[in-house]
Structures are given as C-alpha cells and as structure tokens.
Amino acid sequence: MSINIEKPYIESEYAPIYDPFTPEFQADPFSVYERLRREAPVYYNEKWNFYALSRFDDVRAALRDHETYLNYQGVDIDDFEQEQSGYPGMLPNIDNPRHDQLRATVQRSFMPRSIRALTDEVRQVCDLLIDKFADQKDVDISADYSWPIPFEVFYNFLGMPEGDIREKFVRWTHGIKDRKIGSTELTDFARESSRELREYLAYLLRERRKNPRNDVLTAIVQAEINGVPLAPEDIDYAAEATGLAFALYLGGVETTAGTMSTLFEQLARYPEQQQALHNDPMLIPRAVEESLRYRTIFQVTARTTSRPVEVDGVQIPEGKRVFLILGSANRDETVFENADQFDILRTPKPHLGFGEGLHGCLGNPLARLESTVALEQLVARKGMFELAGEPRRYITTPNAYVLDRVPVAFK
Amino acid sequence: MSALATLTHSSTVTFEEEEREIKTTVVARLDAATDVVLLTLAAADGSELPAWRPGAHIDVLLSNGITRQYSLCSDPDDRSSYTIGVLNAPASRGGSRYVHESLHVGTSLTIRGPRNHFELVDAQRYVFIAGGIGITPIAAMLREVENAGKPWMLYYGGRTVSSMALREELESLGDRVSIWPEDTAGFMDLATILGSPDEDTVVYTCGPEPLLAAIEKICDARWPEGSLHYERFAAKAIEGATDTAFEVELAKSGRRITVPADKSVLETLGENGVHILSSCGEGTCGTCETPVLEGEVDHRDSVLTKDEQSRNDCMMVCVSRSKCPLLVLDV
C-alpha cells in the first residue's frame, strides 16, 4: 500500500503524519513510524518537501544503493549539515570517489583488530568512573558514566592534555548542537563552537606533523591520496584533513554516549534482563546490539536521489531529499518479532543501527567495544539498579534520539 | 597447438609500479548507444598525454580499490585526450555502473597507463571481428590500417542496432564494414568470415567469451599459427564472473554449509541463522573479519594488507571467497 503523492493537499488542512521537526513527533516517534510502515512506506512530506522510507527492506536497499542515493547534501535533516558542508572532509556527506579515498586513510585505525587493542584502556576509563560513584546509591548513569566514557576515550585518542582544554572540548561538543526546539536553524553559539573546535583539531594536526605518533591524527596528517598529500602545508580550520578529524569526532562522542544511556535506561526498566546479565555476562554483547536496534541513536539519515527511483510502486523523482528512517526499520515487525519490546534475549539478527553500505558507521567497532566494556564493568562491580527519575532527552539534531540524564538507584 | 599470438592482459601487475598515475578530467561524455557511454579524458593540467598505439588500454582508478581497464578508441595522434567506451554491463560488480552513474563532464579521474597487450602487427591484410563493446580497440586499429592503405574487413556484431556504439561512424566507411545485430541478422557467420585462411592475413578480435571461443576454434583448426590476435574483455577477467561454490565448516558446531557461486559467505551464513557483524558489505571496513582455521582464502577485500592476507588466518566474509573446496571458519 502507498500514499498517493499526486493528490493535492489543502494547505489549511495539512497536518503531516511525519514531521520530525515538531516536539509532538519527538515525544513519540515510534507510533508515527509504525503508521508510516503500515500506511505510507514511501511517504512524501509536502511541508518540508522530502520523502521518507520506513520499512526495513526499503531502508536497507537504499543504504546499499549509493549510486541512486547520494550524500552530498548531507545526512542531517535540519541545517546542521549544510553548515558543516561548507567545509571539505566531512566523510558522511561525501560521495565517491572521494569518500572511499578519504575513508581509506583512517579505515585501518577503526578495524576491529585495531580497536580491540584499546580494550584495556577503555576498561580503565570505566573503572575510574565507577570508582567515583562506587559507594553511592543514586547515580545519573547517563551523565556520570555513559557520557564521560567516550569523552575520555577521545581525549586519549587525540592525546589531549589534562585541564582546561578538556573542559573547552566538552563545551564545544554541546555547543555545536545548540538549537531551538521546533526550528531547523542552528544558533550563533553553535557556529562559533564549531569553528573553535575545528581550529583546535587543526592545531592538533599541525602538532602531529611535527611530532608523529601512532594514532589516527598522525595517519590523517601523513596520508597521501594518489600521491598527493591529504593535508596541505598550512593546516587550518577549513582544511579537508581537519574536516575528516572533525567528522570522526562528531561520529564518536554523542552517538556512543547515547547508545550506552539507552542501554542502561532500558536495563533499569527490566530487572529480569539485568539479572540474566549477572547470571551470564556472555549475554552482554547481545544486550548492546539490542539497545542499538531498539532505539537507534541516529534515527534517520538523509540522502538525495541522483535519478528517479521507484520504491514500493511510488516514483521518487531525481534530486529529492529522502529520509531513511533507521529507527523505524529496526522496529519493523516483519523482521523483528515483538519489535517494540526491548529484549536482550531475542534471536540475534542484523539491524541497521549503524547503517550499512558505503557509509556504514566507520566507528562501529569502537562504539561496540565501549558499550560492551562499560556494561561488563558495571555488572562486575555494581549490583542491580532501577530507574529513580525521568530520563531526559539531549538537545541535538532532530536526526538523533539521545538521552543525557538517566537517574538510577542501585540496590 | 593454439594459434594464439596475443593473450589477455591479465598479468598487468608487473607494470603497475613503473607507471605513473595521471590526473585527468572528463571533458566529454557521449551516450553512444544503449548502455554505452564514450568518455573523453584530458590531463587535468592540460599537458599532453602519453603516446599510445591502437590496442592499448588504460587503468581507470574509480575509487579506492576499484580499478577497471578500458581500451582507448580515439586517434593516437591526438595527444590532448583519450576516449574510452564503457558498457554498463548487467553483471557489472559496480565498476562500469559507477562510470555510467557517477562520471560526468568535469569529474576528476585518475588513470594509469596506457599499456598495450594487443598490439597491431604489420600484415598485408586484416580481418577485424568485434563483439559489442569490443569494438573500442578495433576502432582505433581500423583508423591506423586505413591510413596505411592496407586492405581490411570489419565484422561487428551486437545485440541490437541501438546497442552498437560507433556503428554509424563505421558504416560510413563503406561495404568493408559488415554490421550484425543479433535481433535482426542473427549471429555472425564465422565459418564464412573465416572461410579463407591466408598466410598474409591476420585476424583481430575483441568481444565476449563465447565469440572468442568460437573464433579460436576455427582459427586453431584452419588458420596458420599466429594469425589470430585477440583480447578478452578485461572487465570480465577482473570482475571474476567465474565465482564457484564452495563449502565452509563452522568449527564451533561442526556444521558444513555450501556457499553458492552467486552468494557471499556473509549472506549464506545469515540465511543459515549465523549472523556475523558487518557494515560496508564491500570489503572496505573490516567489520566482518572472521577467523579462518583451514583452507586458502580468495581475498577480495581492500582493507587487509598483502601480508595480512597471505597469513590466511582471517577473511572478510562480505566479499572474500575460497580458493579451495572447503574453508574452516572459527565460528
């Protein structure tokens, strides 16, 4: 079944089923997705002039068809990406051939075999954080655990000194996402933060050129593509190499913090599932996968059609924005039984929590490692916990569903 | 004994290190026939391109790890640009399709070469037989032979008239050109075309495998040794149309599963309820790395180093296959 996109809407009566820019939608996206999958699997939103795919198979096929669905107009659905797209190097927004060339310069740093080497370091990060709340009953498991972990891992990754700069880094991170709810526009504060963060990354790259290390920034600064150095003589905030480092950072902090926050929030609601983990810690990786599926952090990723394409009998013209709703695909009841239920014991199946295809998440092994080790240490060192207050949504791009407050009480 | 004088250019590896890469820009793109585009490439810095002779091809570096070879079909005396013809083959694993979808006037493109494994030898007379996109090297040869004033014939077969690139241009050369669209004229009558073996005539052919096999058979039986010169579609050799089925054994359960020729290990395992984490699906991200206990892997990823590949202790199951009938995976 599909909607008739030819049918003219009467403006005054037009109430979009799926309008991701409204607080109403953001409060309950999943019932909207359910309706989209059932009634309008190829949905056209007249108000914002975009199409949306919501079924698992359709979303997956589009992710894999990187010749029809291009990224050059950005993957974010509001203007955050347009803002970033002014600069080169933003991997998620780059089509081939440049995408593969750029990605290849950092790919090896993110291979599972490279990431596995960070296991002990991540465990140490988790332990130090647990030390701080080891004797407390009430803990904000998002703000005090889930969020600091990717920051700490990233400080190490970037070789960032202790002190002031780390606080600035945290401010920039939140700053670049600053926006007013219900608006598609970024604030001036967001633009400034973005610029400052880029300046800092450019500085780090210049440092690595002088003092190379065995890390990803050094890989970027030393990279050559077809014999041409990726980084220019004078690396500034607008350089392609800086953009690449910026993209890695954007992909690595909020998303991982969000994944862990969701994981702990859901476990707090299901004591029997927590108990299962205590009984059998081998289930931990499955719990991580389930939280990725259940409330995918990057709920939607956008593309632009390079040619007309037919999906489920509906023609999408060339040059249209198409939103691929990963968060809906991962709740598709034709693929996942009892899809709306968080269930770490469900039969493992591939999900689209990290996308797939050309732009499939580069950092997925690191996100998986951090989440797995974080849960392992929590299970090993602390007891059962339950929700002790309302979780809070983080203010970020409307693409994402991230929590930044999850108050829990340990028993 | 085989009458083959020239083999395919499957052994290009040895040349690659000496060749420099050239940055070019697509300066013209022409839809030459159904599913065929002609792309004209000029050096990005406007300089002269390296000299070449008819039969030469270039490597086109489409994106990381994807290299395709295309014959040059322009005029060798014009060093300002190269022209290649590209068929959007239905069986393409993405190379040709990528060219069709993504390369437009103004697109930058890195190439290597040219190199020539299909050189035009000096002879009294020439018979050219081209199948489909195989016309591209032959077209460059015709021009040279014509300029040299040597007698020649061209037999050019294709699926339909509209699928045959350069047809009109060639037809204007007169009755030495014989066009054979399958849908109206049937297959080329090779027995007649090659019916008069002659010591002073050489046969040049480029086209799909069945055509080459048929020509080879006739020439082997009746033509003097060394008469036949042929070139297979490079894309075919490179794109590995000859995938075969093999078995994988899952060491942890002892299960054996057959991986069919047209499915990846990743897909096959998934269908059998064994889900391996994967992401890119094209051998570039390393997510689906799977330990290998026994067997020799046909590595097709572009993320492991040559050393890592040669250890044979792991594989990217989204693209890599097996060089032997059984692989034992630590799964």
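See the structure shown above.
Here is a short report on the structure shown in this document. The shown structure was predicted, so the numbers you read here are calculated from the model rather than taken from an experiment. (Residues numbered from 1 in each chain as written. Chains lettered and ligands numbered in written order. Predicted model: local features only at pLDDT ≥ 70, side-chain atom pairs only at ≥ 80, totals over all residues. Heavy atoms only, no water.)

## Details of the overall build of chain B
(1) Moving on: Looking only at helices and strands, chain B features 10 helices and 19 strands.
(2) Moving on: Here chain B, with 331 residues, has 51% of them falling under the buried criterion.
(3) Moving on: Carbon together with sulfur atoms contributes 49% to the accessible area of chain B, which is approximately 14,900 Å² in total. (Helix = DSSP H or I, 4+ residues; strand = E, 2+ residues; numbered from the N terminus. Buried < 20%, exposed > 50% of the residue type's maximum accessible area, 1.4 Å probe, protein only. Areas by Shrake-Rupley, 256 points an atom, 1.4 Å probe, with all protein chains shown as cover.)

## Quick look at the interface of chain B and chain A
(1) Moving on: Contact residues are listed per partner, giving 27 residues for chain B and 29 residues for chain A.
(2) Moving on: Here chain B and chain A share an interface that buries about 2,300 Å² over both sides, 45% of which is from carbon and sulfur atoms.
(3) Moving on: Linking chain B with chain A are four salt bridges, by the criterion used here.
(4) Moving on: For A:Arg113, the salt bridge identified is with B:Glu289, shortest N-O distance 3.1 Å.
(5) Moving on: Mapped onto the side of chain B that touches chain A, the elements with two or more residues apiece are strand S2 (21-33), strand S4 (56-63), helix H2 (95-102) and strand S17 (314-316) of chain B.
(6) Moving on: A per-class count over the side of chain B that touches chain A returns 10 nonpolar, 10 polar and seven charged. (Contact = heavy atoms within 4.5 Å. Buried area = accessible area lost by both parts, 1.4 Å probe. Salt bridge = Lys/Arg side-chain N within 4 Å of Asp/Glu carboxyl O. Nonpolar A, V, L, I, M, F, W, Y, C, P; charged D, E, K, R; others polar.)

## What about the sheet that holds strand S10 (residues 321-324) of chain A?
Residue and element names in this part refer to chain A.
(1) Moving on: Overall, mixed pairing links the five strands, which are arranged S1-S2-S10-S7-S3 in an open sheet. With one partner strand each, in any of the chains shown, strand S1 (42-45) and strand S3 (69-70) form the two edges of the open sheet.
(2) Moving on: Pairing geometry for S3 and strand S7 (residues 301-305), over two bridges, is antiparallel. Bridged to Tyr-69 within S7 is Thr-305. (Pairing = 2+ DSSP bridges.)

## Observations concerning the packing of aromatic side chains
All names here are of chain A.
(1) Moving on: Per the stated rule, a full pass over the model turns up 34 aromatic pairs over all chains.
(2) Moving on: Plain terms: the ring middles of Phe-21 and Trp-48 are 4.8 Å apart, the flat faces sit at 65° to each other, and that makes the pair edge-to-face. A residue pair is termed long-range when its members are at least 10 positions apart, and Phe-21 in the segment before helix H1 (23-27) and Trp-48 in the loop between S1 and strand S2 (50-53) qualify at 27 residues.
(3) Moving on: Members of the aromatic cluster, connected to one another through ring pairs, are Phe-151, Phe-154, Tyr-155, Phe-169, Trp-172, Tyr-200, Tyr-203, Phe-246 and Tyr-249.
(4) Moving on: Directly above the ring of Tyr-294 sits Arg-331, whose terminal nitrogen or CZ lies 4.1 Å from the centroid.
(5) Moving on: Sitting above the plane of the Tyr-401 ring, Arg-393 keeps its charged end 3.6 Å from the centroid. (Phe/Tyr/Trp six-rings, centres within 6.5 Å; stacked < 30°, edge-to-face > 60°. Lys NZ or Arg CZ within 6 Å of the ring centre and 35° of its normal.)

## Some thoughts on the pattern of salt bridges
(1) Moving on: What the rule picks out here adds up to 49 salt bridges over all chains.
(2) Moving on: Across the pair A:Asp312 and A:Arg55 runs a salt bridge whose closest N-O atoms are separated by 3.9 Å. In this pair, A:Asp312 is assigned in the loop between strand S8 (309-311) and strand S9 (314-316) and A:Arg55 in the loop between S2 and helix H3 (56-64), connecting sequence segments 257 residues apart.
(3) Moving on: Across the pair A:Asp65 and A:Arg307 runs a salt bridge whose closest N-O atoms are separated by 3.9 Å. Taken together, the positions of A:Asp65 in the loop between H3 and S3 and A:Arg307 in the loop between S7 and S8 put the pair 242 residues apart, joining distant regions of the chain.
(4) Moving on: Overall, A:Asp65 belongs to the buried group, its relative accessible area being 18%.
(5) Moving on: When its relative accessible area of 22% is taken as the criterion, A:Arg307 is described as partly exposed.
(6) Moving on: It is possible to trace a salt-bridge network through shared partners that takes in A:Arg108, A:Arg113, A:Arg116, B:Glu289 and B:Glu308.

## Re the sheet that holds strand S13 (residues 246-250) of chain B
All names here are of chain B.
(1) Moving on: Overall, mixed pairing links the five strands, which are arranged S14-S13-S19-S15-S17 in an open sheet. Of all the strands in the sheet, the pair left with one neighbour each is strand S14 (255-259) and S17. Across this sheet, the average inter-strand angle for adjacent strands is 40°, counted without regard to direction.
(2) Moving on: By the bridge criterion, three bridges tie strand S15 (residues 289-294) to S17 in an arrangement that is antiparallel. Bridge pairing links Thr-290 to Met-315 in S17. (Axes fitted to C-alpha atoms, helices over the stretch in contact; angles between N-to-C directions.)

## Thoughts on the packing of helix H16 (residues 284-294) of chain A against helix H18 (residues 364-381) of chain A
Geometry of a packed helix pair, given as the angle between the helix axes and the separation of the axes.
Residues and elements named next belong to chain A.
(1) Moving on: The geometry of H16 relative to H18 is characterised by a closest axis approach of 9 Å and an angle of 125° between their N-to-C directions. Taken as axis vectors, H16 and H18 run oblique relative to one another. In the packing of H16 onto H18, the handedness of the crossing is right-handed. The segment H16 lies against H18, with Ile-284, Pro-285, Ala-287, Val-288, Glu-289 and Leu-292 engaging Arg-368, Ser-371, Thr-372, Leu-375, Glu-376 and Val-379.
(2) Moving on: Of the residues assigned to the contact of H16 with H18, the class counts are seven nonpolar, two polar and three charged. (Parallel < 35°, antiparallel > 145°, perpendicular 65-115°, else oblique. Left-handed = near helix turned anticlockwise from the far one by under 90°.)

## Remarks on the side chain of A:Ser54
(1) Moving on: Checked against the element boundaries, A:Ser54 lands in the loop between S2 and H3.
(2) Moving on: Discounting chain neighbours no more than four positions away, the residues touching A:Ser54 are A:Leu36, A:Arg37, A:Ala40, A:Pro41, A:Val59, A:Ile325, A:Ser328 and A:Ala329.

## Some details on the packing of helix H7 (residues 119-133) of chain A against H18(A)
Residue and element names in this part refer to chain A.
(1) Moving on: Where H7 meets H18, the axes come as close as 9 Å, and the angle between the chain directions of the two elements is 45°. On the basis of the axis angle, H7 is oblique to H18. Crossing of H7 over H18 shows right-handed handedness. From H7, Thr-119, Val-122, Arg-123, Cys-126, Asp-127, Ile-130, Asp-131 and Phe-133 reach across to H18, where they touch Leu-369, Glu-370, Val-373, Ala-374, Glu-376, Gln-377, Leu-378 and Arg-381.
(2) Moving on: Here the residues of the contact of H7 with H18 are counted per class, giving eight nonpolar, two polar and six charged.

## Here we look at the side chain of A:Asp19
All names here are of chain A.
(1) Moving on: Along the chain, the position of Asp-19 falls in the segment before H1.
(2) Moving on: By relative accessible area, Asp-19 is classed as buried at 5%.
(3) Moving on: At 2.8 Å, the side chain of Asp-19 forms a polar contact with the side chain of Lys-47.
(4) Moving on: Excluding its chain neighbours within four sequence positions, the residues that come into contact with Asp-19 are Phe-25, Asn-45, Lys-47 and Trp-48. (Polar contact = N/O pair within 3.5 Å; in protein donor to acceptor, adjacent residues only side chain to side chain.)

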